[in-house]
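# A structural walkthrough
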Amino acid sequence: MLFFIATLTVSKVKSRVAGHRRATIRAAACTFNSDDHGFLEDEEVNKALREKLLSWYEREHRDLPWRATPFSGELDVDEGAAGSPYAVWVSEIMLQQTKVATVVPYFERWMKEFPTLVSLARAEEDRINELWAGLGYYRRARMLHQGAKVSHQKFPLRLTSEVV
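Residues numbered from 1 in each chain as written. Predicted model: local features only at pLDDT ≥ 70, side-chain atom pairs only at ≥ 80, totals over all residues. Heavy atoms only, no water.

Take unusual backbone geometry next. Phi at Gln-97 takes a positive value of approximately 55 degrees, unusual for a residue other than glycine. Within the element layout of this structure, Gln-97 appears in the loop between helix H4 (85–94) and helix H5 (100–113). The class of Gln-97 is exposed, set by a relative accessible area of 65%. Even without glycine at this site, Tyr-137 takes up a positive phi of about 45 degrees. Along the polypeptide, Tyr-137 turns up in the loop between helix H7 (125–132) and helix H8 (138–154). (Helix = DSSP H or I, 4+ residues; strand = E, 2+ residues; numbered from the N terminus. Buried < 20%, exposed > 50% of the residue type's maximum accessible area, 1.4 Å probe, protein only.)

Put into structure tokens, the structure is as follows:
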């Protein structure tokens, strides 16, 4: 996973940063050892890469309705709140093979209609399909609905960080 992030970072850096910083991150990415299951061997390089990634994210991240900005202290685990496990789950399903710009208005409508796992579990399939219309890959909506039903039946608690 970290190797994947480092590779993405290298490609981002190539387009934005001077060569000397590119070389630093490329060197960090090259210390990847497949026997390490994705961890960098050199802890100093690992720490430097982590700091660079977090610094980049703090500057460049987009404010998206399904996540609270980790640097703002706004994280709320209540269902439907930005950054809640339920909101993140819905967004992850919607974002599969779909652009972020396309998903945002669908996500906002979805969360107004189904702000909690329980409301989604109790929803009619026709209404789910109406809200999903235009996103494509309707199986995602059916599986999300089915997942909400199963979760609610087996674990009638709220989906919060304590449950996840």
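Turning our eyes to something else, we now look at the pattern of salt bridges. According to the stated counting rule, one finds three salt bridges in the structure shown. Members of the salt-bridge network, linked through shared partners, are Glu-113, Arg-127 and Glu-130. (Salt bridge = Lys/Arg side-chain N within 4 Å of Asp/Glu carboxyl O.)

The biggest cluster of nonpolar side chains holds 24 residues, and the ones touching the most others in it are Met-94 and Trp-110. Those elements that provide at least two residues to this core are H4, H5, helix H6 (117–121), H7 and H8. (Core = buried A, V, L, I, M, F, W, Y, C linked by side-chain atoms within 4.5 Å.)

All chains considered together, the criterion is met by three aromatic pairs. Consider the rings of Trp-66 and Phe-107, whose centres lie 5.2 Å apart with planes at 80 degrees: the pair is edge-to-face. A residue pair is termed long-range when its members are at least 10 positions apart, and Trp-66 in the loop between helix H3 (43–60) and H4 and Phe-107 in helix H5 qualify at 41 residues. Under the relative-accessibility criterion, Trp-66 is labelled buried at 6%. Judged by centre distance (5.6 Å) and plane angle (80 degrees), the ring pair of Trp-110 and Trp-132 falls under edge-to-face. (Phe/Tyr/Trp six-rings, centres within 6.5 Å; stacked < 30°, edge-to-face > 60°.)

To continue, consider the environment of Gln-153. Inspection of the secondary structure puts Gln-153 in helix H8. Here Gln-153 falls in the exposed class, since its relative accessible area comes to 63%. Residues Gln-153 and Ala-121, 32 residues apart in the sequence, show an inter-C-alpha distance of 8.9 Å.

Taking 1.5 Å per residue as the helical rise, H5 with its 14 residues ought to reach 20 Å, and the 20 Å between its terminal C-alpha atoms agrees with that figure. Among all positions in H5, only Val-103, Tyr-106, Phe-107, Trp-110 and Met-111 are buried. Check the buried side of H5 and you find it contacts H4, H6, H7 and H8. (Expected span 1.5 Å × (residues − 1). Contact = heavy atoms within 4.5 Å.)

Attention now goes to the packing of H4 against H8. Helix-helix packing is characterised by the crossing angle of the two axes and by the distance between the axes. Put simply, H4 and H8 touch, their axes get as near as 10 Å, and they point 155 degrees apart. Accordingly, the angle class assigned to the pair H4 and H8 is roughly antiparallel. By crossing handedness, the relation of H4 to H8 is classed as right-handed. Side by side, H4 and H8 meet where Trp-89, Val-90, Ile-93 and Met-94 of the first sit next to Arg-140, Leu-144, Gly-147 and Ala-148 of the second. Its residues assigned to classes, the contact of H4 with H8 shows six nonpolar, one polar and one charged. (Axes fitted to C-alpha atoms, helices over the stretch in contact; angles between N-to-C directions. Parallel < 35°, antiparallel > 145°, perpendicular 65-115°, else oblique. Left-handed = near helix turned anticlockwise from the far one by under 90°. Nonpolar A, V, L, I, M, F, W, Y, C, P; charged D, E, K, R; others polar.)

Within the protein chain, residue pLDDT values average 75, and 62% of them lie at 70 or more. Taken element by element, the protein chain is modelled with least confidence in helix H1 (residues 2–16), mean pLDDT 43, and with most confidence in H7, mean pLDDT 96. In the predicted structure, residues 159–164 sits below a pLDDT of 50 and forms 14 contacts with residues beyond four places in sequence or in another chain. (pLDDT = per-residue confidence, 0-100.)

A separate point is the packing of H4 against H5. Between H4 and H5, the least distance of the axes is 10 Å, while the angle of their chain directions is 140 degrees. The orientation of H4 with respect to H5, classified from their angle, is oblique. Read as a crossing pair, H4 and H5 show a hand that is right-handed. Contacts between H4 and H5 involve Tyr-86, Ala-87, Val-90, Ser-91 and Met-94 on the former and, on the latter, Val-103, Tyr-106, Phe-107, Trp-110 and Met-111.

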